[in-house]
Amino acid sequence: MTTTLFVVTLVVVTALVFDFTNGFHDSANAMATAVATGALQPRLAVLIAAVLNVVGAFLSTEVAKTISGGIVNDAVVTPVMIFAGLVGAILWNLTTWLFGMPSSSSHALFGGLIGAVLVGAGTAGVNFSVIVSKIVLPALMAPLVAGLAAGLATFLVYKWMRRAEDEPAAGWFRRGQTVSGSLIALAHGTSDGQKTMGVITLVLITAGYQDSGTGPQFWVIATAGLAIGLGTYSGGWRIMRTMGKGIVEIKAPQGLAAETTSAAAILASSHMGFGLSTTQVCAGSILGSGVGRRLADVRWGTARRMVYGWLLTLPAAALTGGIAAAIAGTGTIGMVIVFAGLVAGAAAIYVISRRAPVSADNVNDARDVVINPGETASRSPEVIG
Amino acid sequence: MKIDWASLGLVAVTTVVAAVSIVGIFALGVAALTHHPAGQGTTRGSAVARAAGYACIGIAGLIALYGIYLIVPAFH
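Here the structure is a predicted model, which means the values were calculated and not measured.

Colleague: Tell me about the overall build of chain A, and name the residues and values.
Modeller: Counting its regular elements, chain A contains 13 helices and zero strands. Of the regular secondary structure in chain A, the N- to C-terminal order runs α-α-α-α-α-α-α-α-α-α-α-α-α. Here the C-alpha radius of gyration of chain A, 20 Å, is about what a compact globule of 385 residues would show, namely 21 Å. Taken over 385 residues, chain A has a buried fraction of 59%. By sequence separation, contacts in chain A at least 24 residues apart represent 82% of the contacts at least 6 residues apart. Surface accessibility of chain A: about 14,300 Å² in total, with carbon and sulfur atoms responsible for 68%.

So, in structure tokens, the structure goes:
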């Protein structure tokens, strides 16, 4: 096996692992409120989301022109830097999952790449102004816009309908939620599934295994679609609990308002050229639907921790990506060491998560995701009910 | 640094208007379908309400189809 083939194989495997974490991280965006209100049984919800993710991945195979949309200078990016960036993004995705924190997978990937490029090519490889205009500003705007829209929509529903939460009205809202949640899952498959395909295709082209300017090969589409679908099906129940129960107790009308807003925001942003993070849109909508119903209902402590997570995503993934790039840059042995570190880190996080596991069976049983069993009472003094 | 304020504003306004109108239409439909006036609601009146309710839900469904149209690149 030649060195190039080895490097390419390692990058492809790592990219697929990232795609898997992307799937279970974002499962909650589409289905958390539907699971929380009982519109869909948890396992059925993630099955629908997974199938739609795979369908979405096959629908949209027009590979992105650049990996990062101009955040890093793609001309200086090597496969080793992509590898290091992916490692940083995966480890951050797993860490936030352990704490049940919804955070943007795209931002984690950008952060990892930024760190890897900083180490590998210096500050000239990173466009800092693009970071502000494409990451920081959208990150501020997404929750505000989605929160405002979902808040208004929720407020109006409750103003018009005194018995919106009672049957049979609630049943209608739950059915509506199923549709809007499915739209989010489909949109997610077309956008995020395509990111991993883009990364793999770019690496194949860089290494000379594929002609420049050609689209992704079938096995790339199939494996990337499968990876994100499997990730989605595995559910990311820790994040699902925070999104569905942790921020606000969601009733069916709120769930419909939140998911419709999220779908509208995602479609508007992807068609009008101002990309917003799906995760931040969905979290903002859920928060807004809480404010629109009754102010005291929102658990601001959880919302605050979530915002801290968003602020940390870029620097934390960049730090990890940078360290990975420094080690992987030393050669093949370095890459093997980084990959071993990734496996060890992922295994450690998984083992820690087993102390207080969250699954399809208990996702709705509590409102907080904790690391140690019995920690619930001390961690959530702000529980209002 | 170039910030595309125009498309940011457009996205924000579109999101708010779309979300409020879709949820509004759907809620109107649900209200019409589940509203049972106290006393003797005329059969004729409730039939009209039911038709209007299904129409509203139908419009919301068409908007969802438009969403699928927007998502699938092959359509445009």
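Colleague: Can you break down the packing of helix H10 (residues 278–293) of chain A against helix H11 (residues 300–328) of chain A residue by residue, with the values?
Modeller: Residue and element names in this part refer to chain A. It is at 12 Å that the axes of H10 and H11 come closest, and there the two elements cross at 160°. Classified by the angle their axes make, H10 and H11 are roughly antiparallel. Helix-helix and strand crossings are classified by hand; for H10 and H11 the assignment is left-handed. For the pair formed by H10 and H11, the contact residues are Gln-280, Ala-283, Leu-287 and Val-291 on the first element and Trp-300, Ala-303, Met-306 and Trp-310 on the second.

Colleague: Let's hear about the packing of aromatic side chains: which residues, and what values?
Modeller: Enumeration over the complete set of coordinates arrives at six aromatic pairs over all chains. When the centroid spacing of 6.3 Å and the interplanar angle of 50° are considered together, the rings of Phe-58 of chain A and Phe-218 of chain A count as tilted. In this pair, Phe-58 of chain A is assigned in helix H2 (residues 42–59) and Phe-218 of chain A in helix H7 (residues 218–234), connecting sequence segments 160 residues apart. A relative accessible area of 62% means that Phe-218 of chain A is categorised as exposed. Judged by centre distance (5.8 Å) and plane angle (25°), the ring pair of Tyr-66 of chain B and Tyr-69 of chain B falls under stacked. Highlighted residues: Tyr-66 of chain B and Tyr-69 of chain B, both in helix H2 (residues 43–71), separated by three residues, approximately one helical turn. The class for Tyr-69 of chain B is partly exposed, based on a relative accessible area of 35%.

Colleague: Describe the environment of Leu-342 of chain A, and please don't skip the residues or the numbers.
Modeller: All names here are of chain A. With respect to the element layout, Leu-342 can be found in helix H12 (residues 332–353). Judged by its relative accessible area of 4%, Leu-342 is buried. Spatially, the C-alpha atom of Leu-342 lies 9.3 Å from that of Ala-324, the residues being 18 residues apart in sequence. When residues no more than four places from it in sequence are discounted, the contact partners of Leu-342 are Thr-14, Val-87, Ile-90 and Leu-91.

Colleague: Lay out the interface of chain A and chain B with the relevant residues and their values.
Modeller: Across the boundary between the two partners, chain A contributes 40 residues, which contact 35 residues of chain B. In total, about 3,100 Å² of surface goes out of reach between chain A and chain B, with carbon and sulfur atoms giving 89% of it. Across the contact surface, chain A and chain B share zero salt bridges. Joining chain A to chain B, the criterion identifies one residue pair in polar contact (both at pLDDT 80 or more). Only helix H5 (128–160), helix H6 (169–206) and helix H9 (252–271) of chain A provide two or more residues apiece to the side of chain A that touches chain B. With 13 residues, the single largest contributor to the side of chain A that touches chain B is H5 of chain A. Grouping the amino acids of the side of chain A that touches chain B by side-chain chemistry returns 30 nonpolar, 10 polar and no charged.

Colleague: Any details on the nonpolar core? Residues and values, ideally.
Modeller: Of all hydrophobic cores here, the largest spans 110 residues; its most connected members are Met-31, Ile-71, Ile-82, Phe-83, Leu-86, Met-240 and Met-243 of chain A. Sort the elements by how many residues they give to this core and helix H1 (residues 3–36) of chain A lands first, with 15 residues.

Colleague: Go over the pattern of salt bridges with me, naming the residues and quoting the values.
Modeller: Residues and elements named next belong to chain A. On inspection of all chains with the given rule, the structure shows six salt bridges over all chains. For the salt bridge of Lys-245 with Glu-249, the shortest nitrogen-to-oxygen distance reads 2.9 Å. We classify Glu-249 as partly exposed; its relative accessible area is 21%. Linking Asp-368 and Arg-299 is a salt bridge whose minimum nitrogen-to-oxygen distance equals 3.0 Å. In this pair, Asp-368 is assigned in the loop between H12 and helix H13 (376–379) and Arg-299 in the loop between H10 and H11, connecting sequence segments 69 residues apart. Given the relative accessible area of 8%, Asp-368 is considered buried. We classify Arg-299 as buried; its relative accessible area is 1%.

Colleague: Describe the environment of Leu-226 of chain A, naming the residues involved and giving the relevant values.
Modeller: Structurally, Leu-226 of chain A can be placed in helix H7. We classify Leu-226 of chain A as exposed; its relative accessible area is 52%.

Colleague: I'd like to hear about H7 of chain A, residue by residue, with values.
Modeller: Residues and elements named next belong to chain A. Along its 17 residues, H7 runs 24 Å from first to last C-alpha, staying within 8% of the 24 Å computed at 1.5 Å per residue. Inspection of H7 places Val-220, Ile-221, Ala-224, Gly-225, Ala-227, Ile-228, Gly-229, Gly-231 and Thr-232 among the buried residues, and these make up the whole buried set. Looking at the buried side of H7, the elements it contacts are H1, H2 and H6. Backbone geometry just downstream of H7 places Gly-235 in the positive-phi region, at approximately 95°.

Rules used throughout
- Residues numbered from 1 in each chain as written.
- Chains lettered and ligands numbered in written order.
- Predicted model: local features only at pLDDT ≥ 70, side-chain atom pairs only at ≥ 80, totals over all residues.
- Heavy atoms only, no water.
- Helix = DSSP H or I, 4+ residues; strand = E, 2+ residues; numbered from the N terminus.
- Rg over C-alpha atoms; globule rule 2.2 N^0.38 Å.
- Buried < 20%, exposed > 50% of the residue type's maximum accessible area, 1.4 Å probe, protein only.
- Contact = heavy atoms within 4.5 Å.
- Areas by Shrake-Rupley, 256 points an atom, 1.4 Å probe, with all protein chains shown as cover.
- Axes fitted to C-alpha atoms, helices over the stretch in contact; angles between N-to-C directions.
- Parallel < 35°, antiparallel > 145°, perpendicular 65-115°, else oblique.
- Left-handed = near helix turned anticlockwise from the far one by under 90°.
- Phe/Tyr/Trp six-rings, centres within 6.5 Å; stacked < 30°, edge-to-face > 60°.
- Buried area = accessible area lost by both parts, 1.4 Å probe.
- Salt bridge = Lys/Arg side-chain N within 4 Å of Asp/Glu carboxyl O.
- Polar contact = N/O pair within 3.5 Å; in protein donor to acceptor, adjacent residues only side chain to side chain.
- Nonpolar A, V, L, I, M, F, W, Y, C, P; charged D, E, K, R; others polar.
- Core = buried A, V, L, I, M, F, W, Y, C linked by side-chain atoms within 4.5 Å.
- Expected span 1.5 Å × (residues − 1).

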